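# Coordinate inspection notes
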Amino acid sequence: MISSIALPREIRIGAGAIDQLPDVVIGLGSARPLLITDGFLASGGAPERLVQSLAAAGLDADYFDGTVPDPTTASLESGLRAVRDHGADLLIGFGGGSPMDTAKALALLAVRGGTMRDYKAPLRNDAPGLPVVAVPTTAGSGSEATQFTIITDSESDEKMLCIGRAFLPVAAIVDYELTLSMPARLTADTGIDALTHAVEAYVSRKNNAFSDDFCLRAISAIGGHLRRVYADGTDHDARSAMMQAALHAGIAFSNSSVALVHGMSRPIGAHFHLAHGLSNAMLFPAVTRFSLDSATQRYADCARALGCAAATDSDQRAAGLLVDELTRLSVELAVPTPELSGIAPQRWDELIPLMARQAIESGSPANNPRVPSVGEIEKLYSEIYR
Ligand SMILES: NC(=O)c1ccc[n+]([C@@H]2O[C@H](COP(=O)([O-])OP(=O)(O)OC[C@H]3O[C@@H](n4cnc5c(N)ncnc54)[C@H](O)[C@@H]3O)[C@@H](O)[C@H]2O)c1
Ligand SMILES: [Fe+2]
């Protein structure tokens, strides 16, 4: 079988790698970079300092801090103005998945025009936009190495998956020290997101030998470090391992795919504005239980990599242990049910048919080892509410 693999041209990884941002940007031939970030990170001063370091290297740099969590089509409008006003020739996505995804979307819109709805899956977008350098400050989305961006349509509240090489950063700077400031809740949510990427990429119908290796490495590292980093955010070894695992998981799912958890999670995030990793976590045990019999051996491999099953356990038993472990992890990382997160039962029930339809339309459920019907998705949404 031939797999088509796409990766950033360069990844600088390690403590202090952020100091090499000017070198990377100059190496890409940019003279007018624009850093894309959010207000919270800007209030800490890091974007300002990065712009100063770029200016000291002779570049005409500026930053835009108007991105929002789970970026929307409306939030891109001011970003696009900032890109045009600055005459930017390269964008730096600095932050979690949201600023990185915003930078990717702006990079395409600046060159190709139109709106993000014109570019949503199943359409592929391979022609390049402006070059993007991705600098993650969370250990989760893996967006620094993926050929995806996810933008919510402000009119319909649909979280649109957009696919293609156009969204693959040309370079990434992966410096775990940028994640030391993450509070425990964000650490847990983003860490579970990375675990979901790795497991879904491994069991996906699009799995391949190249991405498999990245999946298992990521799962194993997360199994060994997620609880540790949640308990102690100053644990450098655990932060470093989680950062690399998130990158590996991003490489894995970018070259395989995500599946039903992500397909069902995006509508929850869009309609109820829950953190992306949190809505994944709410679904992960139930969707895994639903899918288990269609890829028992693959789920068993995940369980062994995660460290919750032994090599001597049968595949059947190991796969079952994975569901137990995901359930336990949710409890230990204080993942609430939709009910406990304050969503009213009537509102949840009312939106189930629309969420199920949006999940199917995203295409991700079709990659699941057990491809669900609309009715089965609706049932899963009902099941996880409490
Ligand atoms: N493109 C992809 O391949 C891909 C993959 C997964 C998720 N996503 C998207 O990424 C988004 C979620 O990204 P995320 O979970 O990384 O969070 P985020 O970017 O939405 O950030 C969440 C919050 O954390 C803050 N934050 C970021 N870094 C911090 C740090 N070091 N210390 C303290 N606070 C910090 C931000 O300011 C923000 O308030 C969603 O929109 C999701 O759909 C994209
Ligand atoms: Fe994700």
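Let us look at the structure shown here. (Residues numbered from 1 in each chain as written. Chains lettered and ligands numbered in written order. Predicted model: local features only at pLDDT ≥ 70, side-chain atom pairs only at ≥ 80, totals over all residues. Heavy atoms only, no water.)

Every protein donor of the iron ion (ligand 2) is accounted for by Asp193 (OD), His197 (NE2), His262 (NE2) and His276 (NE2), and the metal-donor separations fall at 2.1 to 2.2 Å. What the 4 donor atoms of the iron ion (ligand 2) show is an angle range of 85 to 167° at the metal, which sorts the shape as irregular. Mapped onto the polypeptide sequence, the residues donating to the iron ion (ligand 2) form the spacing pattern D-x3-H-x64-H-x13-H. A residue pair is termed long-range when its members are at least 10 positions apart, and Asp193 in helix α6 (residues 184–203) and His276 in helix α10 (residues 276–291) qualify at 83 residues. For the pair formed by Asp193 and His276, the shared burial category is buried. (Donors = N, O, S within 2.8 Å, 3.2 Å for Na, K, Ca; no water. Tetrahedral: all angles 85-135°; square planar, octahedral: opposite > 155°, others 65-115°. Helix = DSSP H or I, 4+ residues; strand = E, 2+ residues; numbered from the N terminus. Buried < 20%, exposed > 50% of the residue type's maximum accessible area, 1.4 Å probe, protein only.)

Turning to the site of ligand 1, a few remarks are in order. Surveying the vicinity of ligand 1 reveals 30 residues, the closest of which are Asp70, Ser98, Thr137, Thr138 and Thr146. In this structure, an oxygen atom belonging to ligand 1 sits 2.8 Å away from a main-chain N or O atom of Gly97. At a separation of 2.8 Å, a nitrogen atom of ligand 1 approaches a polar side-chain atom of Asp101. Protein chains bury 90% of the 860 Å² of accessible surface belonging to ligand 1 in isolation. (Near = heavy atom within 4 Å. Polar contact = N/O pair within 3.5 Å; in protein donor to acceptor, adjacent residues only side chain to side chain. Areas by Shrake-Rupley, 256 points an atom, 1.4 Å probe, with all protein chains shown as cover.)

Counting residues in hydrophobic clusters, the biggest one holds 83 residues, and the most contacted among them are Leu195, Met264, Ile268, Trp348 and Tyr381. Here the element with the most residues in this core is helix α8 (residues 236–255); it accounts for 10 residues. Look past the residues within four positions of Tyr381 in its chain and what remains in contact with it is Gly263, Met264, Pro267, Ile268, Trp348, Ile352, Met355, Ala356 and Ala359. Of all hydrophobic cores here, the second largest spans 24 residues; its members include Leu34, Ala105, Ala107 and Met160. (Core = buried A, V, L, I, M, F, W, Y, C linked by side-chain atoms within 4.5 Å. Contact = heavy atoms within 4.5 Å.)

All we've got here are geometric facts, nothing functional implied.
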